[in-house]
Amino acid sequence: MTNAQDPRARHLLDLHDRQLRREARPDGPDCRVERSGAVVRQTGPAHAWNGVLWSGLDERTADAAIAAQLAHYRAEGVPFEWKLYGHDGPADLGTRLVAAGFVAEEPETLMAADADAQAGAVPLPPGVELREVTDAEGVRQVVEVHERAFGTDSSDLGRRLLDRMAADPGTVTAVLALADGVPVSAARLELYPGTDFAGLWGGGTVEEWRGHGLYRALVAHRARVAATRGHRYVQVDAAPTSRPILQRLGFVPLTTTTPYVHG
């Protein structure tokens with residue numbers, strides 16, 4: 001469902017749909033964005049993000065489009081995700097995806113804010129410093145933090161980050177928070193060249209360091225980088241735990257987004 005009562009939210013959502021979905025660019029080396037009828041999808045290596053970015057479907061065209069994407073990714077031999085937004089049609093597209101064998105993951109909230117407004121200085125706890133990731137050891141620490149924070153295997157994230165840093169370093173920034181030299185929080189910023197947006201992704205803090213302002217500090221640091229690089233807005237797919245924090249910081253909810261995963 002969209003934030004239909006807020007004109008600014010509608011404007012940001014329309015801009016997001018056009019720049020980051022319908023006109024999407026590949027987000028890594030060896031990835032390609034393809035337009036197949038009323039579907040925009042990305043295809044790449046198995047460790048890359050593979051999936052449907054945008055669709056303009058209705059009750060007559062949805063099932064055939066779903067079948068076509070299943071056939072495409074089956075031929076590629078990779079699992080994929082259909083990234084379904086709350087305003088995508090038809091209204092029962094999620095039900096159709098489940099009937100076709102997709103599994104719905106936890107819904108998130110697409111939120112956005114002015115980068116400049118989020119870029120103010122945030123005090124850090126004693127003994128904590130922020131450090132941008134510049135090498136493989138830093139990427140290893142990012143993966144370590146994510147696995148501790150989220151309890152999931154983050155090795156593919158590490159491979160994608162190394163790929164981007166090697167092939168197109170100007171489009172991604174990762175940052176660590178270290179407490180007396182030990183990595184305790186990490187996040188990354190994806191910069192989308194030629195658009196108004198930069199994306200905040202993967203903000204995670206190990207349990208014993210939650211509630212100390214590190215999440216806010218990582219948001220501010222990445223917003224400063226985004227603003228410096230000429231991006232007007234930062235956007236985030238916010239988990240239910242993050243949404244209240246981001247709303248207090250001034251982020252505007254735009255719509256929901258639910259990953260439907262296959263394979």
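This text goes with the structure placed above it.
As a starting point, this report considers the structure included with it. (Residues numbered from 1 in each chain as written. Predicted model: local features only at pLDDT ≥ 70, side-chain atom pairs only at ≥ 80, totals over all residues. Heavy atoms only, no water.)

1. Things to note about the overall build of the protein chain
So, step 1. In terms of regular secondary structure, the protein chain is built from eight helices and twelve strands.
So, step 2. Computed over its C-alpha atoms, the radius of gyration of the protein chain comes to 18 Å, within 12% of the 18 Å expected for a compact globule of 263 residues.
So, step 3. Each of the three principal axes of the protein chain carries a C-alpha extent, and together these read 60 × 40 × 35 Å.
So, step 4. Classification of the 263 residues of the protein chain by burial places 49% in the buried group.
So, step 5. Looking at the protein chain alone, contacts between residues at least 24 apart form 69% of all its contacts between residues at least 6 apart. (Helix = DSSP H or I, 4+ residues; strand = E, 2+ residues; numbered from the N terminus. Rg over C-alpha atoms; globule rule 2.2 N^0.38 Å. Buried < 20%, exposed > 50% of the residue type's maximum accessible area, 1.4 Å probe, protein only. Contact = heavy atoms within 4.5 Å.)

2. A look at the pairing of strand β4 (residues 80-85)
So, step 1. Here β4 lies mainly inside the structure; six of its six residues are buried.
So, step 2. Pairing of strand β3 (residues 51-55) with β4, which is carried by two bridges, proceeds in the parallel orientation. Opposite G51, over in β4, you have E81 as the bridge partner.
So, step 3. Chirality of the crossover, the property in question, places the unit of β3, helix α2 (residues 62-76) and β4 among those that are right-handed.
So, step 4. Here six bridges tie β4 to strand β12 (residues 252-262), and the two strands are oriented antiparallel to one another. Bridge assignment links K83 to a residue of β12, and that residue is P259. (Pairing = 2+ DSSP bridges. Right-handed = clockwise from strand over helix to strand, strands pointing away.)

3. What about the side chain of R188?
So, step 1. Following the sequence through the fold, R188 ends up in strand β9 (residues 182-191).
So, step 2. At 3.2 Å, the side chain of R188 and the side chain of E190 are in polar contact.
So, step 3. Setting aside its immediate chain neighbours within four residues, R188 contacts L157, T173, A174, G199, L200, W201, G202 and R222. (Polar contact = N/O pair within 3.5 Å; in protein donor to acceptor, adjacent residues only side chain to side chain.)

4. Description of the pattern of salt bridges
So, step 1. On inspection of all chains with the given rule, the structure shows 17 salt bridges.
So, step 2. Two residues, D88 and R21, come together in a salt bridge whose shortest N-O distance is 2.9 Å. With D88 in the loop between β4 and α3 (93-99) and R21 in helix α1 (residues 7-22), this pair connects stretches of sequence that are 67 residues apart.
So, step 3. One salt bridge in this structure joins E76 and R32, with 2.8 Å as the shortest N-O distance. A residue pair is termed long-range when its members are at least 10 positions apart, and E76 in helix α2 and R32 in strand β1 (residues 32-36) qualify at 44 residues.
So, step 4. Taken together, the shared-partner salt bridges in this structure form one network comprising R32, E34, R41 and E76. (Salt bridge = Lys/Arg side-chain N within 4 Å of Asp/Glu carboxyl O.)

5. Comments concerning helix α6 (residues 155-167)
So, step 1. For α6, spanning 13 residues, the distance from its first C-alpha to its last is 18 Å, which sits close to the expected 18 Å at 1.5 Å a residue.
So, step 2. Among the residues making up α6, those that are buried are L157, G158, L161 and R164. Burial along α6 is one-sided: seen end-on, the buried residues are contained in an arc of 130°. Facing away from the buried side of α6 by over 90 degrees, the exposed positions are A166 and A167.
So, step 3. Of the surrounding elements, those touching the buried residues of α6 are α5 (136-150), β8 (172-179) and β9. (Expected span 1.5 Å × (residues − 1). Arc of directions from axis to C-beta.)

6. A word on the side chain of T43
So, step 1. Tracing the backbone through its elements, the reader meets T43 in strand β2 (residues 39-43).
So, step 2. A distance of 2.8 Å separates polar atoms of two side chains, one belonging to T43 and the other to H72.
So, step 3. Each residue touching T43, except ones within four places of it in the same chain, is listed here: D30, C31, R32, E34, N50, H72, Y73 and E76.

7. Observations regarding the packing of α5 against α6
So, step 1. It is the contact of α5 with α6, at a shortest axis distance of 9 Å, that shows an interaxial angle of 150°. Viewed along their axes, α5 and α6 adopt a mutual orientation that is roughly antiparallel. Like other packed secondary-structure pairs, α5 and α6 cross with a definite hand, here right-handed. Contact residues: α5 offers A136, V139, V142, V143, H146 and E147, while α6 offers S155, L157, G158, L161, L162 and M165. (Axes fitted to C-alpha atoms, helices over the stretch in contact; angles between N-to-C directions. Parallel < 35°, antiparallel > 145°, perpendicular 65-115°, else oblique. Left-handed = near helix turned anticlockwise from the far one by under 90°.)

8. Observations concerning the environment of A119
So, step 1. Tracing the sequence through the fold places A119 in the loop between α4 (115-118) and β7 (128-132).
So, step 2. Look at A119 and you get buried, because its relative accessible area is 16%.
So, step 3. Taking C-alpha positions, A119 is 9.8 Å from T228, a pair spaced 109 residues apart along the chain.

9. Focus on α5
So, step 1. When the terminal C-alpha atoms of α5 are compared, their 21 Å separation across 15 residues agrees well with the 21 Å that a helix rising 1.5 Å per residue should span.
So, step 2. Three or more residues of α5 are buried, namely G138, V139, Q141, V142, V143, V145, H146 and A149.
So, step 3. The first or second residue beyond α5 is G151, which carries a positive phi of 70°.

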